[in-house]
Amino acid sequence: MTEHVPATAGAEADARRRQRREGNTLLAAMLTNGPNELIDFVLPLWAGAAIGLSATEVGVLLAVEMVLSMVFRPVSGVLADTFERRYVAAAGAALYGVSAAGYALAQSAPVAYTAAAVGGVGGALLWVSVRAIISERLAEDSAVFPRLLSSQETGAWVAFIAGLTLIGLIDYAGVFLACAAACAAAAVLLLASPSRPGRPRTDTDKGAAEGTAAAGLGAVGRRLRPMLLAVVLTMTAESAVSLLLLLHLQRGFDLEIGEIAYVFLPGAIVMSLAAERLHTYVVRFGRSRVLMAASLSSAGFAVGLAWAPNPFVIAGLWILSGLAWAAVIPIGQAVIAEASGEQAGRGMGGYESARLLGALTGSLAAGVLYDSADWTAACLVAAVPLLAGAVVVPRAVRRLGVADVPAPAPEAPGRPEKPQASAAADGASGAESRAETDTRTAATKRTPLRKQKTPRQIRRELGLHAALFAVAQLVLLVAGLSWMKDLLTGDFGELLLSGGREQDSSVTGLLYGAGRLWTFILIADVLWQGGRLLVLALRRPSPESPSRPSGD
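Analysis parameters
- Along each chain, residues carry numbers from 1 onward, in the same order as the chain's sequence is written.
- With pLDDT at 70 or above as the cut-off, local features in this predicted model cover only qualifying residues; side-chain atom pairs require 80 or more to be listed or tallied, and sums for whole chains, interfaces and linings still use all residues.
- Excluded from the side-chain calculations are hydrogens and water; all other atoms, namely the structure's heavy atoms, are used.
- Working definition: helices are DSSP H or I runs of at least four residues, strands are E runs of at least two. Numbering for both runs from the N terminus.
- Summary of the burial criterion: residues with accessible area below 20% of their type's maximum are buried, those above 50% are exposed, and those between are partly exposed, where the area comes from a 1.4 Å probe applied to protein chains only.
- Reported accessibility uses the Shrake-Rupley method at a 1.4 Å probe radius. Residues are deemed covered only where the shown protein chains occlude them.
- Residues form patches when they are more than 30% accessible in relative terms and have no salt bridge. Like charges link within 9 Å. Nonpolar side chains (Val, Leu, Ile, Met, Phe, Trp, Tyr) link within 5 Å.
- Salt bridge, as used here: a side-chain nitrogen of Lys or Arg that lies within 4 Å of a carboxyl oxygen of Asp or Glu.
- Geometry of aromatic contacts follows a simple scheme: Phe, Tyr and Trp rings, the Trp one being its six-membered ring, pair when their centres are within 6.5 Å, and the pair is stacked under 30 degrees between planes, edge-to-face over 60, tilted otherwise.
- Throughout, nonpolar core names a set of buried Ala, Val, Leu, Ile, Met, Phe, Trp, Tyr and Cys residues whose side chains join them through atoms within 4.5 Å.
- Contacts: residue pairs with any heavy atoms within 4.5 Å of one another.
- Here, expected helix span is obtained from the residue count minus one, scaled by 1.5 Å.
- Take the seven residues that end at a residue and the seven that start at it, fit an axis to each, and the angle between those axes is the bend at that residue.

**Q** How would you summarise the overall build of the chain if you had to cite specific residues and measurements?
**A** Secondary structure summary: the chain contains 18 helices and 0 strands in total. Counting only residues that meet the buried cut, the chain has 46% of its 552 residues in that class. About 26400 Å² of surface is accessible on the chain, with carbon and sulfur atoms providing 64% of the total.

The following block contains the structure:
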């Protein structure tokens, strides 16, 4: 037995390194996706207001970043498969930060175009490598991609709330610099991550890697082609619907940029909270059925938009779209990673390029639809490819030859182990007991090493957060800076969308905005912790369930 101890210790050390590598990557994804989404949202407004670009020049600015990012993503996939992925991802995060700082300092169109080009290359390096890193644990934990989506969307909605709250105080330049700082922190996290555990590469491996690098996507691209075409189709439709909605909110309901952001906010929060939960339905019903249901949900959202009477109904419908995306995106990334095998970087490069091509095509189609058809017809036309996705996407997944039902994610630590109780009740032999112990040990290596919080600890932390919030709101109320008071005593809808009343100074504006931001954070915390409590309550065994001698 002693000769197996070093191997076991080495396997446990590798498991810890993989988990730490994944954890750092997820946090880096959160820190970079927030700035990415926020900059994409405010960039057209900033380009016109700050440096006076015309509508055509703004279109060119956006196209420069998107086209370069789309072209460089397959190249990034080759780099991610050839070199250490955390270095490639860190370089991408650093370039993202340089791009954000460039926007902050830009006073002319050439500088802005340069910043956009740097951001496009940085995004290609970052996201392809991040997804390739996350795919490294897919075989032992099928929920890695839902966790990635949850991290990205959490970063997005937090950045939106913080950025749009503070933009009036620190201006666009301050927001861009804050985004650059977040990207720099992400680059440091990625550099501090452990290297990928695995066997050392031999000269033969290196020669093979160089040969496949020269070949580009090669066989991987040909195998993924059905899925990539399906991704282009669905992204075209979803991008068209998103842009149609944005144009309708701006021109049909006369909403300002901040008010539009808060219409999209509920869907982003739902995506961050629901991604991992929806994965349990993927494990239960299979990928094809969930993809079909998600496509029908997206089509229903597009049809519902045609007759939505106000922004509040639209925000509720957008949640339906968010739920669909929370199911579809992780499935797409997982099947691409499984079909790509050791060339996950190349697979993700092709997948990301397909998504961007669909986004570009959908944006152009949305502009034509909005100008040439009435609102109802435009929504119904956009719903057609989404409806077709209910057939096309599941078929594409089946053609890849991957499993329709993924393995369940490892159970959270602290749950009772039924096999152990069963073995004790049946009086298993010593050899069988050792075999089961080895099996449980192997399963434990795949589970997070941190201890799960008890319901009592969760309630205590949530109560402490609520108490601190109440004290802070009381102080703001006495000082006349309470957004909560304005929300409850004024026009609820207008204050919720506009952000509240203007303040006389930057200091009072900062305090007023901080109280508003904290309100959203508390709501998100209540939803998240409440969901955890509900899951724990559902998993708790009933009083009648403990094993006891039966009467048989």
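**Q** Tell me about a nonpolar patch on the surface, and please be specific about residues and values.
**A** Together, Val 67, Val 71, Phe 72 and Val 75 make up a nonpolar patch on the protein surface, roughly 300 Å² of accessible area in all. Following the sequence through the fold, Val 67 ends up in helix α2 (residues 55-82). Look at Val 67 and you get partly exposed, because its relative accessible area is 37%.

**Q** Outline the packing of aromatic side chains, supporting the account with residue identities and numerical values.
**A** Under the defined criterion, the tally for this structure stands at 7 aromatic pairs. Judged by centre distance (5.5 Å) and plane angle (70°), the rings of Trp 46 and Tyr 103 are edge-to-face. In this pair, Trp 46 is assigned in helix α1 (residues 5-50) and Tyr 103 in helix α3 (residues 85-105), connecting sequence segments 57 residues apart. Joined through ring pairs, the aromatic side chains of Trp 46, Tyr 103 and Phe 176 make up one cluster.

**Q** Which residues make up the pattern of salt bridges, and what are the values?
**A** Applying the stated criterion across every chain, the model contains 17 salt bridges. We note a salt bridge from Arg 21 to Glu 84, for which the minimum N-O separation is 2.9 Å. You can see Arg 21 sitting in helix α1 and its partner Glu 84 sitting in the loop between α2 and α3, a full 63 residues away along the chain. The partner of Glu 22 in a salt bridge is Arg 137, with the nearest N and O atoms 2.3 Å apart. Within this pair, whereas Glu 22 is found in helix α1, its partner Arg 137 is found in the loop between α4 (109-135) and α5 (144-192), the two being separated by 115 residues in sequence.

**Q** Give a description of the nonpolar core that names residues and reports values.
**A** Core analysis: the biggest nonpolar cluster contains 70 residues, and Trp 46 and Leu 305 have the highest contact counts within it. A total of 10 residues in this core trace back to one element, the largest contributor, which is α5. Discounting chain neighbours no more than four positions away, the residues touching Leu 305 are Val 241, Leu 245, Ile 314, Leu 317, Trp 375 and Cys 379. One finds Ile 134, Val 231, Met 348 and Ala 396 within the second-largest nonpolar core, a separate group that totals 56 residues.

**Q** Give me the lowdown on helix α8 (residues 257-285), citing residues and values where you can.
**A** With 29 residues, α8 ought to run about 42 Å at 1.5 Å a step, and its terminal C-alpha atoms sit 40 Å apart, in line with that. The largest bend in α8 amounts to roughly 50° and is located at Ala 274.

**Q** I'd like a rundown of the environment of Gly 77, residues and numbers included.
**A** On the secondary structure map, Gly 77 appears in helix α2. The class of Gly 77 is buried, set by a relative accessible area of 0%. In sequence terms Gly 77 and Val 128 are 51 residues apart; their C-alpha atoms lie 6.1 Å from each other. Not counting chain neighbours up to four residues away, the residues in contact with Gly 77 comprise Val 128, Gly 345 and Arg 346.

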